[in-house]
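# Understanding the architecture of this molecule
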Amino acid sequence: IAFALSGLALALALFRFGLLNIAPIARHAIMENMREAVLVVDNQQRVIDLNRAAQNLLHRSPPDIMGQPVAQLLPPLSGTGLSTTQLDIVIGNGSNRRDFNLRLSPLTSAQGHTFGQLLVLRDITERKRAEDQLQHGRKMESVGRLAGGVAHDFNNMLGVILGNVEFAIEHA
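Just so we're clear, the structure is a prediction, and the values are computed from it rather than from any experiment. (Residues numbered from 1 in each chain as written. Predicted model: local features only at pLDDT ≥ 70, side-chain atom pairs only at ≥ 80, totals over all residues. Heavy atoms only, no water.)

Attention now goes to unusual backbone geometry. One non-glycine residue, Gln45, adopts positive backbone phi at about 65°. Relative to the helices and strands, Gln45 is located in the loop between strand 1 (37–42) and strand 2 (47–50). Phi at His59 is positive, roughly 55°, even though this residue is not glycine. With respect to the helices and strands, the residue His59 is situated in the loop between helix 3 (52–58) and helix 4 (62–65). (Helix = DSSP H or I, 4+ residues; strand = E, 2+ residues; numbered from the N terminus.)

This part takes up the pattern of salt bridges. On inspection of all chains with the given rule, the structure shows seven salt bridges. Across the salt bridge formed by Asp88 and Lys128, the nearest N and O atoms sit 3.8 Å from each other. Here Asp88 is found in strand 3 (residues 86–91), whereas its partner Lys128 is found in helix 6 (residues 125–170), with 40 residues between them in sequence. Residue classification places Asp88 among the partly exposed positions, given a relative accessible area of 41%. Close ionic contact of Glu126 with Arg129 constitutes a salt bridge, the shortest N to O distance being 3.2 Å. Separated by three residues within a single helix, Glu126 and Arg129 lie in helix 6, roughly one turn from each other. (Salt bridge = Lys/Arg side-chain N within 4 Å of Asp/Glu carboxyl O. Buried < 20%, exposed > 50% of the residue type's maximum accessible area, 1.4 Å probe, protein only.)

This part takes up the nonpolar core. Ranked by size, the top nonpolar core spans 21 residues in total, and within it Leu39, Val47, Val70, Leu74, Leu119 and Leu121 carry the most contacts. Among the secondary structure elements, those contributing two or more residues to this core are strand 1, strand 2, helix 3, helix 5 (70–73), strand 3, strand 4 (98–108) and strand 5 (114–123). With four residues, helix 3 is the single largest residue contributor to this core. (Core = buried A, V, L, I, M, F, W, Y, C linked by side-chain atoms within 4.5 Å.)

Quick look at the structure:
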């Protein structure tokens with residue numbers, strides 16, 4: 001009887017209380033190993049959760065971040081109201097400047113009530129630099145074509161002038 005009761009208690013604990021529930025473990029592994037910075041904010045725009053990448057981005061520990069207004073932690077967000085679903089922001093300046101793509105997703109309950117937002121910041125600095133280099137290369141190419149065209153036109157006019165000068169010398 002004791003063996004049966006302990007087995008029943010174990011089964012109750014496993015199924016009722018979800019002791020074998022893998023979702024929290026998977027959530028933790030995913031959140032902590034993401035390259036993107038993830039912040040969860042409540043309806044008052046205060047940070048209530050974040051991952052390791054967000055801690056590294058903000059250069060602060062979780063106790064210093066939790067409960068803080070997101071606009072205070074990420075100044076480019078002040079005045080935006082977090083109403084858009086996607087925007088590019090710049091954090092830092094000089095050699096510490098980083099470009100980020102920010103995606104905002106509402107967090108809603110099963111009944112459809114919004115209780116916060118999920119902010120995902122993806123570092124797009126290298127992509128921006130590559131785009132800038134490509135654009136610079138295209139500008140240089142068009143300047144080269146323009147210079148070549150001008151030089152060609154100038155050479156044509158110079159040829160006409162030299163031809164006329166030679167003609168004038170021969171007939172003078």
